[in-house]
Amino acid sequence: MLNLTKPNFVLQIKKIAPPKENEQMRAISYSMDLLIPGSYIWFPGFSIRIGGSIPDDLPYKYPRKIHSPIGIALVLPGYKIFTAYQGTYDPREAPNTRNTTI
């Protein structure tokens with residue numbers, strides 16, 4: 001006699017950690033947004049942060065990001081920033097929507 005049992009199927013959803021590259025870009029945008037002195041270079045799949053700071057996620061996670069795949073920035077003490085990035089860090093705003101006057 002053939003004995004059939006009910007198969008056990010389990011669906012497990014694991015929380016996937018964000019890629020490390022996104023965390024590096026978040027640290028660069030945090031440091032540039034707060035004008036923390038340092039040197040920052042980013043390319044797709046590659047970023048360098050000398051100086052700066054890791055985002056403080058208390059009381060909430062720092063939500064902003066850089067909307068440019070390539071860039072370089074230098075933040076000096078005294079709130080002086082030199083950067084090729086001219087966009088916004090706010091994720092609610094679409095890229096390249098700055099109001100400019102000529």
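See the structure printed just above.
Residues numbered from 1 in each chain as written. Predicted model: local features only at pLDDT ≥ 70, side-chain atom pairs only at ≥ 80, totals over all residues. Heavy atoms only, no water.

Examining a nonpolar patch on the surface
Then, number 1: On the surface, a cluster of nonpolar side chains totalling about 460 Å² of accessible area is made up of Phe43, Phe46, Ile48, Ile50 and Ile70.
Then, number 2: With three residues, strand β2 (residues 46–51) is the single largest residue contributor to the nonpolar patch.
Then, number 3: Its location among the elements puts Ile70 in the loop between β2 and β3 (71–76). (Patch = residues over 30% accessible without salt bridge, like charges linked within 9 Å, V, L, I, M, F, W, Y side chains within 5 Å. Areas by Shrake-Rupley, 256 points an atom, 1.4 Å probe, with all protein chains shown as cover. Salt bridge = Lys/Arg side-chain N within 4 Å of Asp/Glu carboxyl O. Helix = DSSP H or I, 4+ residues; strand = E, 2+ residues; numbered from the N terminus.)

Some remarks on the sheet that holds β2
Then, number 1: Taken in spatial order, the four strands line up as β2-β1-β3-β4 in an open sheet, and their pairing is antiparallel. Two strands close off the open sheet at either side, each with one partner strand: β2 and β4 (80–83). Here the average twist between neighbouring strands, direction ignored, is 10 degrees.
Then, number 2: The sheet contact formed by strand β1 (residues 38–43) and β2 spans six bridges and is antiparallel. Paired with Ser39 across the bridge in β2 is Ile50. (Pairing = 2+ DSSP bridges. Axes fitted to C-alpha atoms, helices over the stretch in contact; angles between N-to-C directions.)

Notes on the pairing of β4
Then, number 1: Two elements, β3 and β4, share four bridges in a ladder whose sense is antiparallel. Opposite Val75, over in β4, you have Ile81 as the bridge partner.
Then, number 2: The hairpin formed by β3 and β4 contains three residues between the paired strands, and Gly78 there has a positive phi angle of roughly 90 degrees.

Things to note about the packing of aromatic side chains
Then, number 1: Summed over the entire model, instances satisfying the criterion amount to two aromatic pairs.
Then, number 2: Aromatic side chains Tyr30 and Tyr62 sit 5.1 Å apart centroid to centroid with 85 degrees between the ring planes, which places their arrangement in the edge-to-face category. One end of the pair, Tyr30, is in helix α1 (residues 20–33); the other, Tyr62, is in the loop between β2 and β3, and 32 residues separate them in sequence. You'll find Tyr30 and Tyr62 in the same group, each marked buried. (Phe/Tyr/Trp six-rings, centres within 6.5 Å; stacked < 30°, edge-to-face > 60°. Buried < 20%, exposed > 50% of the residue type's maximum accessible area, 1.4 Å probe, protein only.)

Here we look at the nonpolar core
Then, number 1: One finds Met25, Ile28, Met32, Tyr40, Trp42, Ile66, Ala73, Val75 and Tyr85 forming the largest nonpolar core, which totals nine residues.
Then, number 2: When contributions to this core are tallied by element, the ones reaching two or more residues are α1, β1 and β3. (Core = buried A, V, L, I, M, F, W, Y, C linked by side-chain atoms within 4.5 Å.)

Things to note about the side chain of Ser31
Then, number 1: Mapping Ser31 onto the fold places it in helix α1.
Then, number 2: On the accessibility criterion, Ser31 (0% relative accessible area) is buried.

Describing the pattern of salt bridges
Then, number 1: Going through the model one piece at a time under the given rule, you end up with four salt bridges.
Then, number 2: The partner of Lys61 in a salt bridge is Glu23, and the shortest N-O contact between them spans 3.9 Å. One end of the pair, Lys61, is in the loop between β2 and β3; the other, Glu23, is in helix α1, with 38 residues separating them in the sequence.
Then, number 3: Assessed through its relative accessible area of 28%, Glu23 is described here as partly exposed.
Then, number 4: As a salt-bridge pair, Arg64 and Asp33 come within 3.7 Å of each other at their nearest N and O atoms.

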